[in-house]
Every structure is written in structure tokens, then in C-alpha cells.
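# A closer look at the structure
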Amino acid sequence: MKIAFSPCPNDTFVFHAWVHGLVPGAPALDVTYADIDVTNKLAAGPGGLDVMKISYAALPWALKEYALVPCGGALGRGNGPLVLAKESFGGEPGALTGKRIAVPSDRSTAYLLFRLWAAQRVPGGVDVVVMPFDAIMPAVRDGDVDAGLVIHEARFTYPSYGLRKLADMGEWWEADTGLPIPLGAIVARRSLDRDRIAAWARASVEYAWAHPEASRAYVLEHAQEMDPSVAKSHIELYVNRYTAELGEEGYAAVEALLGRAAREGLVPAFDLSSLR
């Protein structure tokens, strides 16, 4: 079975057991490690793999060929994207009006949250610039853009770039909806057995929790130069009960985000029932 997910610690932690043949009855995996912006594009076109990790924001473009797998993804509380600026940036979020803001993708949950937040908080809008997520903090630090929307381990490392937090998209979303933040989704081709894929993914998650040291070398190998303590914090933040089972609250969060985004014209209109 061909699968694509990111080299980020949460994904390698979740899929370590399955990748290494530790999930009884699960098929062998042919793994492609790819940034989520790459898999988002694959899911929307003809070149997608059997199973992929994509952004929840990309689901409306993928649902014709792919079904949402209710296990293995990333939702949660207290783990939303941050809007960062240099320490010298003056003013509050409203001062971003007309400024250049770097975002990691225009088909990411981070982007949808930012656009929905900015519609309320930044009158007049902003000038959005898409760039790889790992280039955003250096670009803000160097003055190439006025602010940046960051994800992943940047939540922990931004002070080392001389940056400060202007807003936390997760705090805003949770206060506004009371729901967790839908970040990364696992999808499978509709021709495959979604329930079996979910069961194998769940078994891999449960193995990871039961044997947290087993995946350590694999996680750090793909995290490359990331400090082990940062990788551990990353896993603790993004791998949680919603990873094992999306559940009714998880589905409600996805429906709330994509329903709002569709009404704002940020994603194509679609039938919300096709998520289940």
C-alpha cells in the first residue's frame, strides 16, 4: 500500500509501528515523506497515493476520490497556528491591514483559520504571500515580510528568531466555537476499505503510546536537526485522543471549519455529509 505523510514527529510517531511491520494483518507500506502542501496537491489531482496525510482545508478538493479516515490525523486544543512579527512591530493585530503576511499554504487549515480570523480582526485585509513553512520565520526576521503565520515546531522556537506572538489562531478558534482545531487529515482512496485502514492506523497509534521509546530513532532520523526535546513536545501537542478516534466532537470541528470556509468562498461548496 502506498502512503504519503510528512517527516514531522507526530506523523512518524503515529505510523512508526505500521511502517515497521508491527501491526498484525496490516499490509506493508511504501512510504513517501512529503510536506503537506505536496500531498494537498496530490489529493486534488490524478497522482495521489492510496493513503495520504493532507490538510483538512484541502478536503473539499479531494472528496471525490478520497474518503476521510477517522484515525491518524491531527486535531486538538492549544496547538493552533501563530501569527508572528518582529519584536519591533508596532501595534496590535489591526495594524496588519495592508501588510505582507507569509503563510505556509493557501490550502491549509492554518490559512483558513487566519482568513476567518482576519475577516473579524484586520479591517481592509492583508497581502498574503505563500512560502514553505520553514522559510517563514527567517523571512519575518529579515524583514522580507511584515508578519508570518507559523505551524509545527515554530510554536516552540520563534523567540530564537527575535519574534513575538501577535495572535494565536487556536485560542481564537476555541473561544469562538468551543471546538478543537482540525489540522491534518488522513484520507484513503474510496476504492479501499476505509474501516480496515482506520483499524490499522489506530493499532499503530496505540502501539506508539504503549511503546513511546520504540519510535524515537525513526522520529529523530526524519526530524533531522530538531532537538529531541522539541520533537517530544511536538508529539505531545499533536498526538491525542482525536488521533486515535475522530469522534463526534472531531467531526463537528471539521464541519464547522469547512462549513464556514465554504460560506466565505475560501473552499469549493460541498456536501458536508460526504465527510462521514
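In short, a report on the structure. (Residues numbered from 1 in each chain as written. Predicted model: local features only at pLDDT ≥ 70, side-chain atom pairs only at ≥ 80, totals over all residues. Heavy atoms only, no water.)

With that settled, the discussion passes to the sheet that holds strand 7 (residues 127-130). Taken in spatial order, the 5 strands line up as 7-6-8-5-9 in an open sheet, and their pairing is mixed. Single-partner strands in this sheet number two, and they are strand 7 and strand 9 (163-168). Each neighbouring strand pair of the sheet contributes to a mean axis angle of 30 degrees, computed without reference to strand direction. Both strand 6 (residues 100-103) and strand 8 (residues 147-150) contribute to a ladder of 2 bridges, which runs parallel. Counterpart to Ala-102 in the pairing with strand 8 is Gly-148. Set on the sheet, helix 5 (residues 133-141) makes contact with strand 5 (82-86), strand 6, strand 8 and strand 9; between it and strand 8 the angle comes to about 160 degrees. Packed on one face of the sheet, helix 7 (residues 169-177) meets strand 5, strand 8 and strand 9 and runs near 15 degrees to strand 9. (Pairing = 2+ DSSP bridges. Helix = DSSP H or I, 4+ residues; strand = E, 2+ residues; numbered from the N terminus. Axes fitted to C-alpha atoms, helices over the stretch in contact; angles between N-to-C directions. Contact = heavy atoms within 4.5 Å.)

This part covers the side chain of Ser-6. Considering the arrangement of structural elements, one finds Ser-6 in the loop between strand 1 (2-5) and helix 1 (9-19). On the basis of relative accessibility, which here comes to 9%, the residue Ser-6 falls in the buried class. Here the side chain of Ser-6 touches Cys-8 through a polar contact of 3.1 Å, landing on its backbone nitrogen. Side-chain polar atoms of Ser-6 contact the side chain of Asp-11, separated by 2.7 Å. Residues contacting Ser-6, with those up to four places away along its chain left out, are Asp-11, Thr-12, Tyr-33 and Ala-34. (Buried < 20%, exposed > 50% of the residue type's maximum accessible area, 1.4 Å probe, protein only. Polar contact = N/O pair within 3.5 Å; in protein donor to acceptor, adjacent residues only side chain to side chain.)

Within the fold, Thr-97 resides in the loop between strand 5 and strand 6. Accessibility expressed as a relative area gives 31% for Thr-97, which makes it partly exposed. With 29 residues separating them in the primary sequence, Thr-97 and Leu-68 have C-alpha atoms 36 Å apart. Excluding anything up to four places from it in sequence, Thr-97 contacts Val-122, Pro-123, Gly-124 and Gly-125.

On to the packing of aromatic side chains. All chains considered together, the criterion is met by 6 aromatic pairs. Ring geometry for Phe-5 and Tyr-33: centres 5.5 Å apart, planes at 90 degrees, overall edge-to-face. Of this pair, Phe-5 sits in strand 1 while Tyr-33 is found in strand 2 (residues 30-33), placing the two residues 28 residues apart along the sequence. Note on Phe-5: relative accessible area 0%, which makes it buried. One aromatic cluster in this structure is built from Phe-5, Phe-15, Trp-18, Tyr-33 and Trp-200. Geometry around Trp-61 places Arg-107 over its ring, the cationic atom sitting 3.9 Å from the centre. (Phe/Tyr/Trp six-rings, centres within 6.5 Å; stacked < 30°, edge-to-face > 60°. Lys NZ or Arg CZ within 6 Å of the ring centre and 35° of its normal.)

Attention now moves to the sheet that holds strand 3 (residues 51-55). With mixed pairing, 5 strands are arranged side by side in an open sheet as 2-1-3-10-4. Of all strands in the sheet, those bounded by a partner on one side alone are strand 2 and strand 4 (66-76). The sheet shows a mean angle of 25 degrees between the axes of neighbouring strands, taken without regard to direction.

With that settled, the discussion passes to the environment of Asp-193. Tracing the chain through its elements places Asp-193 in the loop between strand 10 (181-189) and helix 8 (194-210). In this structure Asp-193 comes out as partly exposed when scored by relative accessible area, which is 41%. In the structure, Asp-193 is positioned 41 residues away from His-234 in sequence and 30 Å away in space, judged by C-alpha atoms. Here the side chain of Asp-193 touches Asp-195 through a polar contact of 3.1 Å, landing on its backbone nitrogen. In this structure the side chain of Asp-193 is engaged in a polar contact, spanning 3.2 Å, whose partner is the backbone nitrogen of Arg-196.

Before going further, it helps to spend a moment on the packing of helix 1 against helix 9 (residues 216-223). Helix 9 packs onto helix 1 with a crossing angle of 135 degrees between their chain directions and a minimal axis gap of 9 Å. With respect to helix 9, the axis of helix 1 lies oblique. Our pair here, helix 1 against helix 9, has a crossing hand that is right-handed. Contact residues: helix 1 offers Pro-9, Thr-12, Phe-13, His-16 and Val-19, while helix 9 offers Tyr-218, Val-219, His-222 and Ala-223. In terms of residue class, the contact of helix 1 with helix 9 is made up of 6 nonpolar, 3 polar and no charged. (Parallel < 35°, antiparallel > 145°, perpendicular 65-115°, else oblique. Left-handed = near helix turned anticlockwise from the far one by under 90°. Nonpolar A, V, L, I, M, F, W, Y, C, P; charged D, E, K, R; others polar.)

This paragraph deals with the environment of Asp-271. Within the element layout of this structure, Asp-271 appears in the segment after helix 12 (247-263). Remark: the alpha-carbon pair of Asp-271 and Trp-209, spanning 62 residues in sequence, is separated by 35 Å. There is a polar contact of 2.8 Å between the side chain of Asp-271 and the side chain of Ser-273.

It is worth stressing that arrangement in space is one thing and function is another; only the former is reported here.
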